[in-house]
Amino acid sequence: MNRKKDKGFESPRPFKLTHQVVCINNINFQRKSVIGFVELTIFPTVVNLNRIKLNSKQCRIYRVRVNDLEAPFIYNDPTLEVCHHESKQRNLNYFSSAYTAAVSAVDPDAGHGELVIKVPSELWKQGDEMNVLKVYIEFSLDQPKGGLHFVVPDVEGSMAERGAHVFSFGYQNSTRFWFPCVDSYSELCTWKLEFTVDASMVAVSCGDLVETVYTHDMRKKTFHYVLPIPTAASNISLSVGPFEILVDPYMHEVTHFCLPQLLPLLKHSMSYLHEIFEFYEEILTCRYPYSCFKTVFVDEAYVQVSSYASMSIFSTNLLHSAMIIDQTPLTRQCLAQALAQQFFGCFISRMSWADEWVLKGISGYIYGLYLKKTFGVNQYRHWIKEELDKMVEYELKMGGLPVSSNGHLTCPTPHLHFSIKHPHTLSWKYYKMFQCKAHLVMRLIENRISMEFMLQVFNKLLSLASTASSQKYQSHMWSQMLVSTHSFLKSISNVSGKDIGPLIKQWVDQSAVVKFFGSFAFNRKRNVLELEIRQDYTSSGTQKYVGPIKVTVQELDGSFNHTLQIEENSLKHDIPCHSKSRRNKKKKIPLMNGEEVDMDLSAMDADSPLLWIRIDPDMSILRKVEFEQADFMWQYQLRYERDVVAQEESILALEKFPTPASRLALTDILEQDQCFYKVRQGACFCLAKIANSMMSTWTGPPAMKSLFTRMFCCKSCPNIVKTNTFISFQSYFLQKTMPVAMAQLRDIQNLCPKDVLNFILDLIKYNDNRKNKFSDNYYRAELIDALTNSLTPAISISNEVRTVDNLNGDVRLILEEITRSLNMEKLLPSYRNTITVSCLRAIRMLQKNGHIPSDPSLFKSYAEYGHFVDVRVAALEAVVDYTRVDRSSVELQWLLNMVQNDPAHYIRHKILSMLGKNPPFTKAAESPLCNEALVDQLWKLMNSGTSHDWRLRCDAVNLYYTLFGLTRPSCLPLPELGLVLNLKEKKAVLNPTIKPEQGPDTTEMTGITMGGLITMETVSSVSMSSGVAPPPQGLKRKLDSVVGPLGSSSPEPGQVLQEEDTSKKFKIRVRISSAEDEIDMESPHDSQAFIHHHLNILERPSTPGKEPPAVDQAVLSLPVTPLPSSFGKESTSSSKHSGDHHHHHHHHEHKKKKKKKHKHKHKHKHESKDKERDSHAFSNSPASGRSVRSPSMSD
């Protein structure tokens, strides 16, 4: 990555894109089709530019003209079908390497594309003058499966009355799905966008709306947008619908769009946006970069928030009225994230995928500053702790989470089942965690250089970019608008004078977290605290930490910070104490924040002045800390430490100390109004756990009951709750949480105590919201969750038929309550159907606990398209759970059909991720569900069924991995001809793939004529490089391009090969063709062939005529007997190489052929072996003892 800054950005393309016009002149909602054209203005940067590669997926292309001359083109998308259908391969290693190769073959960041246009030869001579080329492409889209999403409600009326709308969506760079472009974040240009729509519709797109022109018959109008700021195609979007329009009353350049009838909600939800603008502009000391900002709220959104240049598309479910409490902060957070991404992500783009973490990190970091200002420091610290815990847990589970996929990445990722070298191969969960880690790393940088410098760096990046963006005709300046890791680090060292290289090396280039275990002893003689800090750096996902660590010790005389140096093997640290222990003097104790409080010190250890100890209180290391201290210390920490993170840690620790003192500490916290509400919510659940552990010694009413009665019930009649007034949000959240926690209490028989259950039923019965200005839908939903929590497994009397009549009385009351709520919801739906969601969960719990018969039909009806999305997700979750518990293949089939056919992309994604979280079976266990048909179905889904949606494809890969692991699924029979025997060397090896169609007579020479051993992938794929067998169906190959350079003697297709050297020739041919840079324009499947070779080379256990490479040795030298293990090794050996073959594709620099060929060979990870092999590549082949130039080649 260490490109020299002054040279600027080196484009991988032989041209510079300066301007693009997108004109969509017909959008048909009935047919879900789009017709239009694009025109790209291109400056060649090489003489005789003869090929132009662009990105385009699923668009039908009608004609291409370059400067008004018709131009031939080929269109080939290798990601449509990753592994070809003949393939009997079913292992994930093979798929992952093939998929990475396919994505790389059309990766715009490497200068590739699905659409290759041949520049007419008449225009070549202009190379000397370097004239501008205008590339004009007419295209259409018919029922797009990705990129554009049509929402057409099935009701009466015209399209506008029905609320039909369409919007663009996608994960990372997905603009190629809806118009041909250079779909790279690093190729910037200016834009002119024109959309012709029905007169009743509005088209919203990036940039400024210059004019709206009606057609003569007034039935259509055209919206003309101009975006003068250079922008990447990936940040362009479109949304068309009968939107209601609201101009922001505080900032007239901001416009909001929502679907019909939602304007009042829009007004309320957006009333706050101007404050977010003001906040960002103030801290960045920089104006918002675009001249306007548009928010569009659409139905069936792909994600909650997607940001594009000068506009953001949001889910319409974020809108809410003034009565809703819980949704308000969430919506504001979404708006704040979207705005942060306008600055870093849309305006400032990235150079390559390896630099993505900088943008995600900065936008996440400034969003955190907004959170701190608006929701307070407590909320901010709580959020940081939450994000850190999530990320640490993921790293420890997955064995690491590298944030930057730099070429010189120090740690390869064999532990992941997907490649991180490209955004489109990542699992969604990884991408989420990646964003999380990126902003945490930014916070570490802030700790190191101070916030002031941090904001100066951001300001510097923004001002450089805005200067560059105003240079209209100097497109070479535009690369200042791209950020790279290198330029970011450089501006940090310029601004702060500090070198943060080591920090980046530790947290960005390496992937692992630190695990600390701490314990201590107090030495009374020396008045010293002996602190022991151990590390676990051997288990997966951990690393060894060396450096400073902060320890805070609260003593009787105050709170003291110590910075310890953690070195290679020092465990013990001596910290001198300030205060002698003193019980007799009554004196206030000063806390961290300067407050002085009276404490009851009777619980303390008489000899020690220590109240509590905290390791790394500021979370300035990405770590997990397990610290041991006495229960009274945790209790003091909970009561008197003013940091929410410390309080949350102590609540977690107190679960292990069920004593009356813990009970008292937790109850005190619940009663303290000054305490942060999330800490009090946590204390509720902890108290319930403690009460269950102290069941036999518990005195008084059930935990929290008297407290709840005192806070929320009538004085005169304690079992009737007061009418709701949710004026104080603190007590609202507590009132919501307490019943849910109380329902987890259990008595000696392990049932929920009768009085608790009646108490909850009374809360539901007497709930009165008439005088409340806020809605109580979330509160009522939580009360139903409380009923769910009170359920315990049914005591079944043998062979008794379950009917409602013989239901346990309590359960019957619960069931009646749930049924009543569910029916009420049909008449008076609550906001976001929160109550339906809770009821569905409750019914599933009744089924699981054996109170009512297990049956998925209710959930299946609620999961149908047309219900609100939250309800569908809750219902689907129940079906997924049913599938696992009852091992139902019918339901699994139903879910997979839904993944293939459901109109809503988010639902498909949720089904696959829920199946991944709660799988019907795993690779470890035997299951009747695991059969060949299921493997085939999922393989098909991954391989070709999800090519229109990157996220969905990666979800399918994840599920496949969860169910079957990396190797061939265990339920598949061994492939026929499972063993290939090599008689000479008396070894056997598993044939990785055996395909039925073999070319004429090629099998004879497979394993026995040569000293080595070769198992061939379909010969058809080899024929692409050597012309041995007839090409497979549908490939009109012209072989001369590949065979040409070798001399014309290669056999005709179909000719029988007899010489023993031919297989050597295969190998050489493959080598040369992969190092060859020529592209054959007329052949449709070039990149496919290319990928094929690579996989071919990967899949062969060894190549005849030379020493087997390092890994393959393992495969070859296995004894004949153990089949499965050699099979496992086989598949790993193929995956080991998979990383190395992807980067080398057809460029156009013919000069570098020789060098490249060499570079290619050295790219293997097994470098030493390779060098040794390359030096005398084929000359010492043991079988032939002949030199490379066999007769067949030299003539």
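Given the structure is predicted, the values throughout are model-derived calculations rather than measurements. Residue positions within a chain follow its written sequence, with the count starting from 1. Local features in this predicted model are restricted to residues whose pLDDT is 70 or higher, and side-chain atom pairs enter the listing and the counts only when it is 80 or higher, whereas totals over whole chains, interfaces and linings include all residues. Water and hydrogen atoms were dropped before computing side-chain values, which therefore reflect all heavy atoms in the structure.

Enquirer: Is there a simple way to explain the overall build of the chain in this structure?
Expert: We count a stretch as a helix when DSSP gives it H or I for four or more residues in a row; a strand needs E for two or more, and each element gets its number in order from the N terminus. Helix and strand counts for the chain stand at 35 helices and 33 strands. Burial classification: accessible surface area is computed with a 1.4 Å probe over protein chains only, and a residue below 20% of its type maximum counts as buried, one above 50% as exposed, and the rest as partly exposed. Looking at the chain as a whole, 60% of its 1195 residues are labelled buried. Any two residues whose heavy atoms approach within 4.5 Å at even a single point are treated as in contact. Long-range contacts, defined as pairs at least 24 residues apart, comprise 71% of the intrachain contacts of the chain with a sequence gap of at least 6. Roughly 48,400 Å² of accessible area belongs to the chain as shown, and the carbon and sulfur atoms make up 54% of that amount. Where accessible areas are quoted, they stem from the Shrake-Rupley method and a 1.4 Å probe; at the residue level, only the protein chains shown are allowed to cover.

Enquirer: Explain a nonpolar patch on the surface here, please?
Expert: The grouping of Met824, Leu827 and Leu828 at the surface amounts to a nonpolar patch, some 330 Å² of accessible area in total. Locating Leu827 in the fold gives a position in helix α19 (residues 809-827). Owing to a relative accessible area of 67%, Leu827 belongs among the exposed residues under this scheme. A residue counts toward a patch only above 30% relative accessible area and without a salt bridge, and it is joined to like-charged neighbours within 9 Å or, for Val, Leu, Ile, Met, Phe, Trp and Tyr, to nonpolar neighbours within 5 Å. Any Lys or Arg side-chain nitrogen located within 4 Å of an Asp or Glu carboxyl oxygen qualifies as a salt bridge.

Enquirer: When you look at the sheet that holds strand β13 (residues 208-214) in this model, what are you seeing that I'm missing?
Expert: Through backbone hydrogen bonds, the strands of a sheet pair up, either in parallel or in antiparallel fashion. Two strands are said to pair when DSSP picks up at least two bridges between them. Pairing is mixed in the open sheet, where eight strands are placed in the order β5-β4-β8-β2-β1-β11-β14-β13. If you trace the sheet from one side to the other, it starts and ends with β5 (69-70) and β13, each paired once. With six bridges connecting them, β13 and strand β14 (residues 220-232) associate as antiparallel partners. Bridge assignment links Tyr214 to a residue of β14, and that residue is Lys221.

Enquirer: Any chance you could explain the state of the cysteines here in plain terms?
Expert: A covalent bond bridging the sulfur atoms of two cysteines is what the word disulfide describes. We call a pair of cysteine sulfur atoms a disulfide when they lie within 2.5 Å. By the definition in use, this model includes zero disulfides. A disulfide-free cysteine, Cys59 has its sulfur positioned 8.5 Å from the sulfur of Cys181, the nearest such atom.

Enquirer: Would you take a moment to explain the nonpolar core for this structure?
Expert: In globular proteins that are soluble, nonpolar side chains generally tend to be buried together. Here, the term nonpolar core denotes a set of buried Ala, Val, Leu, Ile, Met, Phe, Trp, Tyr and Cys residues that are joined through side-chain atoms within 4.5 Å. Counting residues in each nonpolar core, the largest one holds 326 residues, and the members touching the most others are Tyr280, Phe344, Trp357, Ile445, Phe458 and Phe488. Excluding anything up to four places from it in sequence, Tyr280 contacts Ala336, Leu339, Ala340, Phe343, Ile366, Tyr367 and Tyr370.

Enquirer: I tried to follow unusual backbone geometry on my own but got confused; where do I start?
Expert: For residues besides glycine, phi is generally negative; the peptide bonds are generally trans as well. Notably, Thr285 is not glycine yet its phi reads approximately 40°, a positive angle. Residue classification places Thr285 among the exposed residues on the basis of a relative accessible area of 57%. Although it is not a glycine, Ser450 sits at a positive phi angle of roughly 85°. Here Ser450 is to be found in the loop between α7 (428-449) and α8 (451-469).

Enquirer: Looking at this structure, how should I read the pattern of salt bridges?
Expert: Under the criterion given, the structure shown has 48 salt bridges. Ionic pairing is found between Lys57 and Asp77, a salt bridge with its closest N-O pair at 2.8 Å. Of this pair, Lys57 sits in the loop between β3 (51-54) and β4 (60-66) while Asp77 sits in the loop between β6 (73-75) and α1 (92-105), and the two are 20 residues apart along the sequence. Relative accessible area serves as the criterion here: at 1%, Lys57 is assigned to the buried category. The partner of Asp768 in a salt bridge is Arg770, and the shortest N-O contact between them spans 2.9 Å. Overall, the relative accessible area of 16% leaves Asp768 in the buried class. Through salt bridges with shared partners, one network takes in Arg381, Lys550, Arg614, Asp618, Glu641, Asp643 and Glu649.

Enquirer: Is there a simple way to explain the packing of helix α13 (residues 660-671) against helix α14 (residues 677-693) in this structure?
Expert: To characterise two packed helices, one gives the angle between the axes of the helices and the distance between these axes. Fitted lines through C-alpha atoms give the axes, limited to the stretch in contact for helices. The angle between two N-to-C directions lies from 0 to 180 degrees. With their axes 9 Å apart at the nearest point, α13 and α14 run at an angle of 150° to one another. By the angle between their axes, α13 is roughly antiparallel relative to α14. Relative to α14, α13 is oriented so that their crossing is left-handed. Contact residues: Ser662, Arg663, Leu666, Thr667, Ile669, Leu670 and Glu671 in α13; Val679, Arg680, Ala683, Cys684, Cys686, Leu687 and Ile690 in α14. Residue type decides the class: Asp, Glu, Lys and Arg count as charged, Ala, Val, Leu, Ile, Met, Phe, Trp, Tyr, Cys and Pro as nonpolar, and the leftover types, Gly among them, as polar. Of the residues that constitute the contact of α13 with α14, the class distribution is nine nonpolar, two polar and three charged. Angles below 35 degrees are treated as roughly parallel, those above 145 as roughly antiparallel, those between 65 and 115 as roughly perpendicular, and all remaining angles as oblique. Working rule for handedness: look at the near helix, and if it is turned counterclockwise from the far one by less than a right angle, call the crossing left-handed; if clockwise, right-handed.

Enquirer: I would appreciate a short explanation of the sheet that holds strand β7 (residues 115-118) in the present structure.
Expert: Read from one edge to the other, the open sheet built from three strands follows the order β3-β7-β6, with strand pairing classed as antiparallel. Of all strands in the sheet, those bounded by a partner on one side alone are β3 and β6. Averaged over all pairs of adjacent strands, the angle between strand axes in this sheet comes to 15°, irrespective of strand direction. In this sheet, β7 lies alongside β3 in antiparallel orientation, the contact comprising four bridges.

Enquirer: Sorry, what's going on with the environment of Pro829 here?
Expert: Of note, Pro829 is situated in the loop between α19 and α20 (834-848). Separated by 52 residues in sequence, Pro829 and Asn777 have C-alpha atoms that sit 9.4 Å apart.

Enquirer: Is there a simple way to think about helix α23 (residues 889-901) in this case?
Expert: Since the α-helix turns once every 3.6 residues, residues separated by three or four places project in the same direction. Compared with an ideal rise of 1.5 Å per residue, which puts 13 residues at 18 Å, α23 spans 18 Å between its outermost C-alpha atoms and is within 8% of the ideal. Taken together, the buried positions of α23 are Glu891, Leu892, Trp894, Leu895, Leu896, Met898 and Val899. Those residues of α23 that are buried lie in contact with α21 (857-862), α22 (869-886), α24 (905-917), α25 (932-945) and α26 (950-964). One less than the number of residues in a helix, times 1.5 Å, gives the span that helix is expected to have.

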